[in-house]
Amino acid sequence: MDSRTLDQLDAWRRKRNINNTRGISTIRRVETKWIQIQHRTFSNWVSQHTGTNIENFKVDFIDGVVFLNLMEVLSGKTVKRYHKSPQSITQRCDNVQLALDICASEDVRLTNIGAQDIANGSLKLILGLVWCLIQRYHLTTIYERRTSSLGGESGDRRASSESRDPIKDNNHKIQLLRGLNKILDKVKLRVNNIKDDWRDGMAITALVTYLAPAFNKDFMSIERSEYISATDDAMTAAEKYLSVPRLLSAEDFTSDDVDELSMITYLSYFMDPSHKTVRENYLRDHPEYIPLYKPF
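Residue positions are counted from 1 within each chain, in the order its sequence is given. Since the coordinates come from a predicted model, pLDDT governs what is reported: local features require at least 70, and pairs of side-chain atoms require 80 or more to be given and counted, while whole-chain, interface and lining totals use all residues. As a convention, hydrogens and water are excluded, and side-chain values are obtained from all of the structure's heavy atoms.

Chemist: Looking at this structure, I do not really get the overall build of the protein chain. What am I missing?
Modeler: The secondary structure content of the protein chain amounts to 14 helices and zero strands. Secondary structure elements are defined from DSSP: runs of H or I of at least 4 residues count as helices, runs of E of at least 2 residues count as strands, and each element is numbered from the N terminus. Each helix (α) and strand (β) of the protein chain, taken in turn from the N terminus, gives the series α-α-α-α-α-α-α-α-α-α-α-α-α-α. Each residue's exposure class comes from its accessible area (1.4 Å probe, protein chains only) as a fraction of the maximum for that residue type: buried when under 20%, exposed when over 50%, partly exposed otherwise. Looking at the 296 residues of the protein chain, the share that counts as buried comes to 44%. In the protein chain, 60% of the contacts between residues at least 6 apart in sequence involve partners at least 24 apart. Note on areas: Shrake-Rupley with a 1.4 Å probe; residue coverage comes only from the protein chains shown. When the accessible surface of the protein chain is split by element, carbon and sulfur atoms take 48% of a total near 16,100 Å². The contact criterion used throughout is that any non-hydrogen atoms of two residues lie within 4.5 Å.

Encoded structure:
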């Protein structure tokens with residue numbers, strides 16, 4: 001092989017290495033973005049339950065105090081003795097272990113998550129822990145309320161096919177999509193996924209408009225340039241009329257990098273059967289109501 005061929009081969013290898021490095025950097029940036037969004041979403045979920053402003057799990061969660069408070073709220077159990085101001089890694093681990101013990105007694109299924117992982121601030125494991133809590137205490141509660149609202153024998157039969165334990169079957173997304181589409185079908189709209197079909201602001205606006213008629217918006221007229229502001233308006237109305245907490249910003253909700261677990265956590269709030277009463281009461285008190293949307 002002559003020197004010119006060797007030079008060409010070396011140049012090709014350098015180019016390939018540069019491209020590979022760029023590809024890896026791009027992947028890392030994307031991973032960082034979805035983790036940041038999930039971090040914000042799950043922090044807001046914990047803050048909502050504890051009344052504590054959680055901004056960074058790697059700082060606010062590692063001493064075990066917030067974790068213990070969260071488990072007390074979620075489980076209804078009380079821990080009388082723990083380190084309220086832990087000064088050492090040992091004391092932090094003691095607190096975290098007490099919280100993990102409550103998790104075990106409540107059948108919260110954790111895999112390969114130990115006290116030291118949390119006390120050392122392993123963000124991915126903390127996010128995994130919080131997702132397990134969301135499944136156990138939030139998603140399951142929504143399913144139980146929905147099943148209970150069906151009522152009667154027919155409701156029991158429907159529950160057998162629609163409202164199985166989402167933790168056992170691991171089908172949160174399928175069940176949620178089915179429930180969301182049952183609502184959106186009322187306005188002749190349909191979504192096929194939990195992320196992409198929500199980015200234009202139309203589906204979230206339609207969802208809130210149907211459940212909370214006081215937020216009377218023509219979701220069919222949303223311009224492409226207005227998708228973030230339209231989403232923000234819908235999320236604000238959902239919080240005002242339906243008490244759906246703002247776990248995500250409109251920017252995160254419509255981002256290409258938003259993760260499915262964040263979307264499932266937020267959108268599942270719309271499955272609460274109490275929203276049916278909100279709609280019925282408004283329509284009863286406002287017989288003159290005419291929807292602005294024209295989906296037909």
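Chemist: Please explain the environment of Asn-56 as it appears in this structure.
Modeler: For Asn-56, the location among the structural elements is in the loop between α1 (3–50) and α2 (57–60). Residues Asn-56 and Arg-40, spaced 16 residues apart in sequence, show a C-alpha to C-alpha distance of 8.2 Å. With near-sequence residues (within four places) excluded, Asn-56 lies in contact with His-39 and Phe-61.

Chemist: For this particular structure, what's the right way to read empty space enclosed by the protein?
Modeler: In this approach the atoms are scanned with a rolling probe the size of a water molecule, which exposes any empty space left behind. Think of a 1 Å grid over the protein atoms and nothing else: a 1.4 Å probe that fits but is trapped marks a cavity, an open set flanked by protein within 12 Å on at least five of seven lines marks a pocket, and residues with an atom within 4 Å of a point count as lining. Grid points are joined across faces, edges and corners, and a volume is the space filled by probe spheres set on the points. A complete count under the given rule lists one cavity of 30 Å³ or more for this structure. The computed volume of the largest cavity comes to approximately 90 Å³. Lining the largest cavity are Leu-139, Ile-142, Tyr-143, Arg-146, His-172, Gln-175, Leu-176, Ile-264, Ser-268 and Met-271. Of all the secondary-structure elements, those providing two or more residues to the lining of the largest cavity are α6 (123–150) and α9 (172–184). The dominant element in the lining of the largest cavity, judged by the number of residues it contributes, is α6, at four residues. Of the residues contributing to the lining of the largest cavity, the split by class is six nonpolar, three polar and one charged. Side-chain classes are defined by residue name, with Ala, Val, Leu, Ile, Met, Phe, Trp, Tyr, Cys and Pro counting as nonpolar, Asp, Glu, Lys and Arg as charged, and the others, Gly among them, as polar.

Chemist: So what exactly am I meant to see when it comes to the packing of aromatic side chains here?
Modeler: The description of two aromatic rings rests on the distance between their centres and on the angle between their planes. The pairing test for Phe, Tyr and Trp rings, Trp by its six-membered ring, is centres within 6.5 Å, and the orientation test on the planes gives stacked under 30 degrees, edge-to-face over 60, and tilted for anything in between. Applying the stated criterion across every chain yields a total of seven aromatic pairs. When the ring of Phe-61 is compared with that of Phe-67, the centres are 5.2 Å apart and the planes differ by 25 degrees; the resulting orientation is stacked. Judged on exposure class, the residue Phe-61 and its partner Phe-67 are both buried. On the basis of an interplanar angle of 90 degrees and a centroid distance of 6.4 Å, the ring pair of Trp-198 and Phe-253 is categorised as edge-to-face. Remark: Phe-253 occurs in helix α12 (residues 250–253) and Trp-198 occurs in the loop between α9 and α10 (202–211); sequence separation between them is 55 residues. Accessibility assignment for this pair places Trp-198 and Phe-253 in one class, buried. An aromatic cluster of at least three residues, connected via ring pairs, comprises Trp-198, Phe-253, Tyr-266 and Phe-270. Lysine and arginine charges are scored as sitting over a ring when NZ or CZ, respectively, is within 6 Å of the ring centre and within 35 degrees of the ring normal. Taking the ring centre of Tyr-82 as reference, the NZ or CZ of Lys-84 above it sits at 4.6 Å. Over the ring of Tyr-210 we find Arg-279; its NZ or CZ atom is 3.8 Å from the centre of that ring.

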